[in-house]
Amino acid sequence: MSIGQSFRGLRARSRKLALAAAGAGLLLGSTAHAETLRFAFQGTLNALDPYSLNETFTLGMLGNVYEGLTKRDKDLKIVPGLAESWEVVDPLTWRFNLRKGVKFANGNDFTADDVIFSAERVRAETSDLKTRIPADSQWTKIDDHTVEVKLTSPNPILHYEWDTWYIFDKEWAEAEGAVSPVSARDTNPGPAAFKANGTGPFVIDSHEPGVKTIFKPNESWWGEPEHNLTEVVFTPIAADGTRVAALLAGDVDLVDPVPVQDIPRVNSDPNTEALTGPELRVIHLGFNQFRDELPTSDIKGKNPFRDVNVRKAIYQAIDMEAIKERVMRGLSTPVPLLIANELFSGSGEFKRLPYDPDAAKQLLADAGYADGFSVGMDCPNDRYVNDEAICQAVVSMLARIGVTVNLNAQPKAQYFAKVLAPGGYDTDFYLLGWTPGSFDSWNVITNLVGCRDETGKGGPFNLGGYCSEEVDALAAKIVGEIDPEKRDALIKEAYTIMTNEVSHIPLHQQSLVWGKRKNIDIVQRPDNQVLFYWATVN
Amino acid sequence: MIAFAIRRFMQALGVMLVVALISFLMFRFVGDPVNQLVGVDTSPAEREALRQALGLNDPVMIQFSRFIVKAVQMDFGISYQFKQPVAALIASRLPATLELSFVSALFALAVGVPMGVYTGLYRNTLLARGFLAISLIGVSLPTFLIGILLIFVVSVHLGWLPSFGRGETVNLGGVWTTGLLTKSGLLSLILPAITLGLFQMTLIMRLVRGEMLEVLRTDYIKFARARGLSRRAVNFGHALKNTLVPVITITGLQLGSIIAFAIITETVFQWPGMGLLFLQAVQNVDIPIMAAYLLLIAFLFVTINFIVDLLYVAVDPRIRLGEARR
């Protein structure tokens, strides 16, 4: 904060305090150290119930207020959270030792009862986070600070997503009528939609959905604060230009995201800089391999995408380096798999197929499409970084090998309505991004690659309906394999099949681009959670 | 007169119904709200159950009649994204939009009228030509561009005024939040109000100028001058007074469109009013908010036109007579 600004802030604050007829001298003394972080994001923070919406931004913001049994550190490694330690007693039994002396923001003690209650609540009908724990697991309280979980099948990644499964205070939830999660279909949402009571390092001081949310440090937090903030003011700013202008004008300290074309502008200002890093989301292209004939293609009676040579040809026709340089302005990491490099230990052993338009033409000719063919493509235009521009680049690259692509780029609301299950998977060629919630390959393989039927049973986000029985069999083995090395070997086997058969075309990991005032230090984790407890104002 | 009013009222109701129906038909093309309500991991079966629970699988006409029956009771349902009653949400955003709109209209009048008088009186001076050039910009540049330019120059470059938002607000009795009582609120209001009011200002300026030129040629002005009245009395007491009737009419009518077109200004400045709420609702397919907002705007226009119609009848007996003769 520059001197001028802190003065302005001081004046405004002291005036308000004088109105409150409080001891001005005393209060001036305390506000002199006030460190406010003003943060703007493109989307809004809506309901505060952490089981209502399984979405990164909401869960990340609530992660400042609530805590899970586990946490993830600055490098996404799983570390103890509200559970001090845990042990796998046998493959079907896990035991968690809870942290002692932890209090919720309202002063209630954190005990095993709260964990059991939260385990019930997160599995309730109206929860959007049901996948956090197996529906048939049995939770028992051993004593006030020990919980035992009985599983019906081995699950080595049981606790992988628990950093965003936040623990509720049983008494508070019961008193506030928030026993079951607020859901989209609620006509009379409970108070948990707008109130929060967690064990985390911050509390929510006020919340106006879509306008402003104010966080204050939780004075009774059990941990040692790594931040020096006294207040966080969150405002949504939807328009890209306004968000960047607000940062440049000094009206906010941190913005997410900065459009890639504005990075030079932000970096050229002496007070601001862009903070970039790879995001875990992988953008990929998929082919309709489900239907016998592509409705949008001029090839009738057969589906060209069922031929692996055609899929390979399209893969090799796409110049990823050009997309990286021209479309993404250097801010992307081309990947060989459908999972981010950071999230699979064996990803280094895979390589992208080389860009080779001549080989691509040959492959097309071998498949019997020497003259090419036409196909429609679906693409969102407001979901991923430069999504429409990527699709346009793909269209022009494929034109060079004789494949005519008719692009249909739409806002995400219309796009997803068309290409997902409720729209009947109505797409022949599409662009989609995916981040595995558990940060684990099994999530990718089952959701994006698993064989599915018309309604999406199997691999719900396998929009093109690719199907390999071998991969499905491997997925079934992966889920129960406890030994990490054997498990990774199985995963690698599955990825090898997917790569050889070109099930999809992995494109790249897009980059996170935050903009910040230079006096702010904050940790940017690849999962794009904005965590104030690692922020300092200098 | 009463028969006329009742007939007009019925027509207004008809217009509202048609607006509601058309907007409802459009909602079929804005996308699937369920995608915005759940995370990516949610299974298709659960999504389908949610669609069923929200009544999205019913035929449009059934959804429409359900909406109308509830709307008559002032119940617009629950916002999908905010999980709050839509009526309360709109009520909480209404003050921001109304304050912005009224300040913009005031700005347009307070600046537009004097500029119009000046350019009418001193047609050939450099300043008058300058005003006309500015008015050309106001008429031809789109609102969002003016907004971004103002932000860039005044906020980013000069650092004089806040670039976004409403500043600190004061809650009056729990029903109205105002930004007019705090310094940051007033400072935040300046740029959006200029952006929103610029078009109206140029409109008023050109209207006043045209009317002034017209009136100054009339006989009674010449007589007033011949009587030896001061220039000020002639220009403002006689000429301006007679130009104001159409100006007031236009301003009143334009108020509706200021409120409706605040959408763009509110988006550029992240002004937390109804327009921003509506635009966010469109992006997130929040049908209850969209439906209620469109109906409210329709209501606004219908009401203003209704009042204007009645005033015309009161003012001009010819309309009344014409109706009676038919």
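Preceding this paragraph is the structure being described.
Below: a short report on this structure. (Residues numbered from 1 in each chain as written. Chains lettered and ligands numbered in written order. Predicted model: local features only at pLDDT ≥ 70, side-chain atom pairs only at ≥ 80, totals over all residues.)

Residues and elements named next belong to chain B. The geometry of helix H8 (residues 183-216) relative to helix H10 (residues 231-268) is characterised by a closest axis approach of 9 Å and an angle of 160° between their N-to-C directions. Judged on the interaxial angle alone, H10 and H8 are roughly antiparallel. Handedness of the crossing formed by H8 with H10: right-handed. Across the interface between the two elements, Pro192, Thr195, Leu196, Gln200, Ile204, Leu207, Val208, Glu211, Met212, Val215 and Leu216 from H8 touch Ala239, Asn242, Thr243, Pro246, Val247, Ile250, Thr251, Gln254, Ile258, Ala262 and Thr265 from H10. Here the residues of the contact of H8 with H10 are counted per class, giving 14 nonpolar, 7 polar and 1 charged. (Axes fitted to C-alpha atoms, helices over the stretch in contact; angles between N-to-C directions. Helix = DSSP H or I, 4+ residues; strand = E, 2+ residues; numbered from the N terminus. Parallel < 35°, antiparallel > 145°, perpendicular 65-115°, else oblique. Left-handed = near helix turned anticlockwise from the far one by under 90°. Contact = placed C-beta atoms within 7 Å. Nonpolar A, V, L, I, M, F, W, Y, C, P; charged D, E, K, R; others polar.)

On to the sheet that holds strand S6 (residues 138-143) of chain A, then. Residue and element names in this part refer to chain A. Pairing is antiparallel in the open sheet, where 4 strands are placed in the order S4-S5-S7-S6. Lying at the two open borders of the sheet, with one neighbouring strand each, are strand S4 (83-90) and S6. For this sheet, the mean inter-axis angle between neighbouring strands, taken without regard to orientation, is 20°. The pairing of S4 with strand S5 (residues 93-98) spans 6 bridges and is classified as antiparallel. Among the inter-strand pairings, Ala83 is bridged to a residue of S5, identified as Leu98. Packed onto the sheet, helix H4 (residues 112-122) meets S5, S6 and strand S7 (146-150) and runs at close to 175° relative to S6. (Pairing = 2+ DSSP bridges.)

Before going further, it helps to examine the pairing of S5(A). Residues and elements named next belong to chain A. In sequence, S4 turns back onto S5 through a hairpin of 2 residues. Two strands pair when backbone bridges link them, and S5 and S7 are joined in this way by 5 bridges, in the antiparallel orientation. Of the residues in S7, the one forming a bridge with Arg95 is Glu148.

Moving on, we get to the environment of Asn500(A). The residue Asn500(A) is located in helix H15 (residues 484-500) in this model. Taking the C-alpha atoms as reference, Asn500(A) lies 9.0 Å from Lys312(A); in sequence the two are 188 residues apart.

Across the contact, 44 residues belong to chain B and 42 residues belong to chain A. Elements represented by at least two residues in the side of chain B that touches chain A include exactly helix H2 (34-37), helix H3 (44-54), helix H7 (143-157), H10 and helix H11 (274-283) of chain B. Broken down by element, the residue count for the side of chain B that touches chain A peaks at 6 residues, all from H3(B). The class makeup of the residues in the side of chain B that touches chain A is 22 nonpolar, 17 polar and 5 charged.

Bear in mind that shape data such as this cannot, by itself, settle questions of function.
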